[in-house]
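Descriptive analysis of the structure
Next come the chains, spelled out residue by residue.
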Amino acid sequence: MFISKLSRLGAQAFKGLSKAPLTIRPKRSFFPIVQKDYLEPASCKLFSTTAIGNSQEKEESQKISVTFFDKDGEQEIKVPVGMSMLEAAHENDIELEGACEGSLACSTCHVIVMDVEQYNKLEDPTDEENDMLDLAFGLTETSRLGCQVIAKPELDGLRLALPAATRNFAVDGYKPKPH
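Now for a description of the structure that goes with this document. (Residues numbered from 1 in each chain as written. Predicted model: local features only at pLDDT ≥ 70, side-chain atom pairs only at ≥ 80, totals over all residues. Heavy atoms only, no water.)

1. Digging into the overall build of the protein chain
A count of helices and strands for the protein chain gives six helices and five strands. Helices and strands appear in the protein chain in the N-to-C order α-α-α-β-β-α-β-α-α-β-β. Classification of the 179 residues of the protein chain by burial places 31% in the buried group. Taking as baseline every contact in the protein chain between residues at least 6 positions apart, the subset at least 24 positions apart corresponds to 63%. Total accessible area on the protein chain stands at roughly 13,300 Å², and carbon and sulfur atoms take up 56% of it. (Helix = DSSP H or I, 4+ residues; strand = E, 2+ residues; numbered from the N terminus. Buried < 20%, exposed > 50% of the residue type's maximum accessible area, 1.4 Å probe, protein only. Contact = heavy atoms within 4.5 Å. Areas by Shrake-Rupley, 256 points an atom, 1.4 Å probe, with all protein chains shown as cover.)

2. Brief notes about the side chain of Arg-144
Relative to the elements of secondary structure, Arg-144 occurs in strand E4 (residues 143-145). Residue classification places Arg-144 among the buried positions, given a relative accessible area of 3%. For Arg-144, the side chain forms a polar contact with the main-chain oxygen of Glu-123, separated by 2.7 Å. When near neighbours in sequence (up to four residues on either side) are disregarded, Arg-144 contacts Cys-109, His-110, Val-111, Val-113, Tyr-119, Leu-122, Glu-123, Asp-124, Pro-125, Glu-129, Leu-133 and Val-149. (Polar contact = N/O pair within 3.5 Å; in protein donor to acceptor, adjacent residues only side chain to side chain.)

3. Looking at unusual backbone geometry
For Asp-93, which is not glycine, the phi dihedral falls at a positive 55°. By the secondary structure assignment, Asp-93 is in the loop between helix H4 (85-91) and strand E3 (110-113). Phi is positive for Leu-104, which is not a glycine, with a value near 60°. Residue Leu-104 is classed as partly exposed on the basis of its relative accessible area, which comes to 23%.

4. A closer look at the nonpolar core
Grouped together as the largest cluster of nonpolar side chains are 28 residues, with contacts concentrated most on Val-66, Phe-68, Val-79, Met-85 and Leu-160. Broken down by secondary-structure element, the contributors of at least two residues to this core are strand E1 (63-70), strand E2 (73-80), H4, E3, helix H6 (127-133) and strand E5 (158-161). (Core = buried A, V, L, I, M, F, W, Y, C linked by side-chain atoms within 4.5 Å.)

Here you go:
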């Protein structure tokens with residue numbers, strides 16, 4: 001029904017165009033318009049896709065303190081706001097596997113949030129994350145996937161424990177190198 005109405009409308013528009021007198025307009029070049037509006041230095045305008053102001057710079061430079069606990073002890077690192085704990089661990093040579101590289105296809109970046117108050121500040125896990133957590137070794141009430149825990153200012157002082165083992169169904173024993 002919609003297509004037939006559309007085709008009738010197109011046919012009416014075409015008939016209207018065919019009845020209109022044909023007029024020939026003098027040739028105009030678009031080059032003077034382009035030259036005038038865009039190429040002359042006086043009318044050049046700068047365009048930027050980034051926001052103006054210091055708020056973005058402050059957010060990028062802001063870092064939080066995160067402590068990882070593993071079999072070798074603890075390591076405190078500074079993590080930029082917006083970065084996942086998986087990326088932060090890889091950048092700081094912390095042995096957090098992440099076989100799927102953060103695509104929610106494994107549970108090898110399983111971490112345990114040591115403080116319930118900090119755990120409650122995190123966004124709720126998605127169904128996909130919960131499905132992967134079901135496969136994790138040493139699952140606890142405060143378990144999360146490191147690829148899904150994103151640094152934000154209210155998580156400053158976050159303490160994460162790394163389980164004693166991981167379950168990597170793809171290639172057992174393979175440890176990917178960060179990109």
